[in-house]
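# Structural overview
Single-letter residue listing:
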Number of protein chains: 2
Amino acid sequence: MKFSVTILGSSSASPTTSRFQTAHVVNIHERFFLIDCGEGAQMQMMRNDINFARINHIFITHLHGDHIFGLYGLLSTLNLDNRRHELHIYGFNMLKYILNDFLKYFGNEFKYEIIFHAVNVRYHKIIYEDKDITVETIPLKHRVPCCGYLFREKIPELNIRKKMIERYNLTLAEIVKIKDGYDLMTEDGSIITNEELTYRPYTPRSYAFCSDTEYSKKVINITKDVDLLYHETTFAQNLLKMAKQTGHSTTVQAAEVAKEANVKKLIIGHFSSRYNDLDMLLHEARSVFPETYLAKENEVFEIELERFKE
Amino acid sequence: MKFSVTILGSSSASPTTSRFQTAHVVNIHERFFLIDCGEGAQMQMMRNDINFARINHIFITHLHGDHIFGLYGLLSTLNLDNRRHELHIYGFNMLKYILNDFLKYFGNEFKYEIIFHAVNVRYHKIIYEDKDITVETIPLKHRVPCCGYLFREKIPELNIRKKMIERYNLTLAEIVKIKDGYDLMTEDGSIITNEELTYRPYTPRSYAFCSDTEYSKKVINITKDVDLLYHETTFAQNLLKMAKQTGHSTTVQAAEVAKEANVKKLIIGHFSSRYNDLDMLLHEARSVFPETYLAKENEVFEIELERFKE
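The rules behind these values
- Residues numbered from 1 in each chain as written.
- Chains lettered and ligands numbered in written order.
- Predicted model: local features only at pLDDT ≥ 70, side-chain atom pairs only at ≥ 80, totals over all residues.
- Pairing = 2+ DSSP bridges.
- Helix = DSSP H or I, 4+ residues; strand = E, 2+ residues; numbered from the N terminus.
- Axes fitted to C-alpha atoms, helices over the stretch in contact; angles between N-to-C directions.
- Contact = placed C-beta atoms within 7 Å.
- Domains from an automatic or database assignment.
- Core = buried A, V, L, I, M, F, W, Y, C linked by C-beta atoms within 7 Å.
- Buried ≥ 20, exposed ≤ 12 C-beta atoms within 10 Å, placed from the backbone.
- Least-squares fit on C-alpha atoms with pLDDT ≥ 70 in both.
- Parallel < 35°, antiparallel > 145°, perpendicular 65-115°, else oblique.
- Left-handed = near helix turned anticlockwise from the far one by under 90°.

## Side note on the sheet that holds strand β14 (residues 206-210) of chain B
All names here are of chain B. Pairing is mixed in the open sheet, where seven strands are placed in the order β7-β8-β9-β14-β15-β16-β17. Strand pairing shows two members of the sheet lacking a second neighbour, β7 (126-129) and β17 (292-294), which therefore form its edges. Geometrically, the sheet is characterised by an average inter-axis angle of 20 degrees between neighbouring strands, direction not taken into account. Direction of pairing for strand β8 (residues 133-139) relative to strand β9 (residues 147-153): antiparallel, over a ladder of seven bridges. In the sheet register, isoleucine 133 faces β9, and the bridge partner there is glutamate 153. Running over the sheet, helix α11 (residues 279-286) touches β16 (265-269) and β17 and is turned about 165 degrees from β17.

## A few points about the domain arrangement of chain A
For interface size, the figure often reported is the accessible area lost on association. For chain A, the domain assignment lists domain 1 (3-156 + 200-302) and domain 2 (159-198). Here domain 1 of chain A and domain 2 of chain A have C-alpha centroids that lie 43 Å from each other.

## Remarks on the nonpolar core
Grouped together as the largest cluster of nonpolar side chains are 143 residues, with contacts concentrated most on Leu229 of chain A together with Leu229 of chain B. The greatest single-element share of this core, amounting to six residues, is contributed by helix α10 (residues 251-261) of chain A. Residue contacts for leucine 229 of chain B: discarding those within four places in its chain leaves Ala208, Cys210, Thr223, Ala258, Ala261, Val263 and Leu266 of chain B.

## A closer look at the sheet that holds strand β3 (residues 31-35) of chain B
Residues and elements named next belong to chain B. Taking strand neighbours across the sheet as the criterion, the seven strands line up as β6-β5-β4-β3-β2-β1-β18 in an open arrangement whose pairing is mixed. On the outer flanks of this sheet lie β6 (114-118) and β18 (300-302), each paired with one strand and no other. Across the sheet, the mean angle from the axis of one strand to that of its neighbour is 20 degrees, orientation sign disregarded. In terms of strand pairing, strand β2 (residues 23-28) meets β3 through five bridges, oriented antiparallel. Residue pairing in the sheet places asparagine 27 in a bridge with phenylalanine 32 of β3.

## Quick look at the relation of the copies chain B and chain A
Between the two copies, chain B and chain A, the superposition gives an RMSD of 0.0 Å; the rotation angle is 180 degrees and the shift along the axis is 0.0 Å. Expressed as an axis order, the relation between the two copies is that of a two-fold axis. Judged by C-alpha distance, glycine 40 of chain B is the residue of chain B that lies nearest the rotation axis, at 2.9 Å. The residues that chain B uses at the interface reappear at the interface of chain A in 96% of cases, marking a shared surface.

## Topic: the packing of α10 of chain A against helix α11 (residues 279-286) of chain A
Residue and element names in this part refer to chain A. At a minimum axis distance of 8 Å, the contact between α10 and α11 shows a crossing angle of 40 degrees. Judged by the angle between their axes, α10 and α11 are oblique. Crossing geometry of α10 relative to α11 is assigned as right-handed. Contact with α10, carried on its side by Thr251, Val252, Ala254 and Ala255, involves Leu281, Glu284 and Ala285 of α11 and no other residues of that element.

## Remarks on unusual backbone geometry
Residue and element names in this part refer to chain A. Cis rather than trans, the peptide bond between serine 211 and aspartate 212 has omega equal to -5 degrees. Mapped onto the fold, aspartate 212 is located in the loop between β14 (206-210) and α8 (217-222). Positive phi is not limited to glycine here, since aspartate 36 has a value of about 60 degrees. One can find aspartate 36 in the loop between β3 (31-35) and α1 (41-47). Residue aspartate 36 is classed as buried on the basis of its C-beta count, with 28 C-beta atoms lying within 10 Å.

## Some words on the environment of isoleucine 126 of chain A
All names here are of chain A. Its place among the elements puts isoleucine 126 in strand β7 (residues 126-129). Residues isoleucine 126 and histidine 64 lie 62 residues apart in sequence; the distance between their C-alpha atoms is 23 Å. If near-sequence neighbours (up to four positions away) are discounted, isoleucine 126 is found in contact with Thr134, Val135 and Glu136.

Encoded structure:
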């Protein structure tokens with residue numbers, strides 16, 4: 001029941017000698033989701049032993065090169081790896097045309113299908129759902145159409161406390177009803193509430209990815225109480241004006257979003273290449289939100305499962 | 001008077017955790033030429049302290065992704081670096097359309113001009129010339145139109161031996177004539193040959209880049225006697241058949257080209273990602289051509305200047 005985030009790249013517009021451009025891999029129950037795909041993402045995935053065949057969904061936040069130029073190489077390598085199963089790519093509508101142009105020149109021999117899903121970046125909406133998770137868009141404020149993505153485990157099914165099965169000698173039909181949330185009426189007509197009979201086995205976990213964006217109240221509202229928030233921090237606080245001009249955030253702004261949204265943990269990243277010393281950025285953010293951590297290449301952030309006993 | 005080659009990437013179709021895709025930087029007299037531009041080339045250039053502003057010419061061998069997917073990021077970074085001067089890109093005609101599509105989506109804010117030069121990959125021809133060097137195409141045999149590039153220093157001007165200036169009390173007019181290759185007629189009517197009067201200060205150096213290609217006689221003819229030959233070696237000798245099928249060369253084939261062309265030194269590269277141990281490839285090539293070296297990321301091959309004394 002893993003839920004982890006691997007940082008493939010922490011740099012912004014330009015890479016540095018040690019920092020790749022934006023890409024994160026989310027592992028939820030051993031299924032892998034790629035968010036953004038900066039240049040070199042495929043190499044970084046190899047370094048982190050991520051099995052390319054298990055990536056079936058790629059979510060792109062916006063169409064700036066530092067978030068997508070790794071797609072070309074990755075898509076080509078998937079073909080060289082003899083991929084046959086579909087790959088789903090989510091992003092702003094124009095990405096469809098960029099991909100089509102790419103496929104026109106380089107996709108003739110592709111043996112797998114790319115299915116593009118246009119995302120309306122202006123609305124907060126569930127855009128992906130399977131039996132375990134949902135993915136929601138988070139509208140962001142950037143120079144071009146841009147949205148983040150919020151990954152949530154679904155609320156797990158109710159478990160029935162074993163001692164209740166024995167105590168009330170529950171039938172299979174009663175168990176099914178109780179698992180659906182119903183109370184139990186005993187033979188003597190008394191009501192046993194569903195809460196007494198059941199428990200949630202664990203708390204569903206959540207990860208919100210927000211890059212690139214100015215400080216935004218909407219982000220705070222949508223990411224309320226998430227376990228892990230990645231919020232871009234292109235600049236230190238003294239470059240607040242430049243952050244605003246370029247549609248980015250500072251350390252303190254990212255930390256304020258985390259604080260106001262009451263998240264458990266904050267990762268900052270998308271650092272301007274002007275910074276060699278990232279500890280200074282970390283220090284600034286921690287002065288507002290102590291549970292802040294730096295995005296670093298090949299670092300894995302685990303969200304622990306909080307299990308409940310009967 | 002530097003003449004050196006820096007290896008940015010040594011991998012073929014897929015990168016590995018340690019090997020980037022093809023890209024070499026040629027430094028001739030502190031002017032830099034980029035040949036091919038695999039994914040991650042810009043990061044590798046940074047690691048090798050190559051000043052992006054000094055790259056004015058990029059030569060592309062062919063339009064497979066592992067040779068060009070680094071262009072997108074590099075061209076974007078050049079713009080972020082506030083480049084204002086022209087960038088010249090040489091390659092097969094279709095690259096123009098690929099670049100135009102790229103610029104359509106990502107080039108709106110570019111502040112420098114990209115000048116594309118279509119290369120006829122089927123002919124051996126000088127396609128670039130400046131005061132110091134020429135660059136010739138080398139037609140290659142691959143699955144798609146493909147050519148290598150041969151960089152040659154021009155033959156340096158004749159120097160006049162100082163003692164001859166004194167001995168014959170040469171006038172400025174006579175010196176100009178002699179430097180142009182004329183003999184000298186002395187007052188007593190005897191002829192002093194130009195060879196006695198002058199010397200070449202150094203031997204012009206040369207570097208031939210051949211990727212991707214099958215074994216080719218044409219390559220041997222064109223690269224005759226070059227100082228340094230890079231020849232792709234995607235496969236070990238036991239995969240000769242696969243090499244032929246995919247339009248590539250083996251260790252032994254590359255070494256045979258080097259031997260038959262009588263080059264001074266051979267670099268092999270473009271290694272299939274199946275090989276972890278490259279020493280085996282080196283060993284095979286050296287059994288035919290001892291002066292063989294492995295292309296390794298961030299390795300610099302210097303071609304020493306052979307100066308002649310008066």
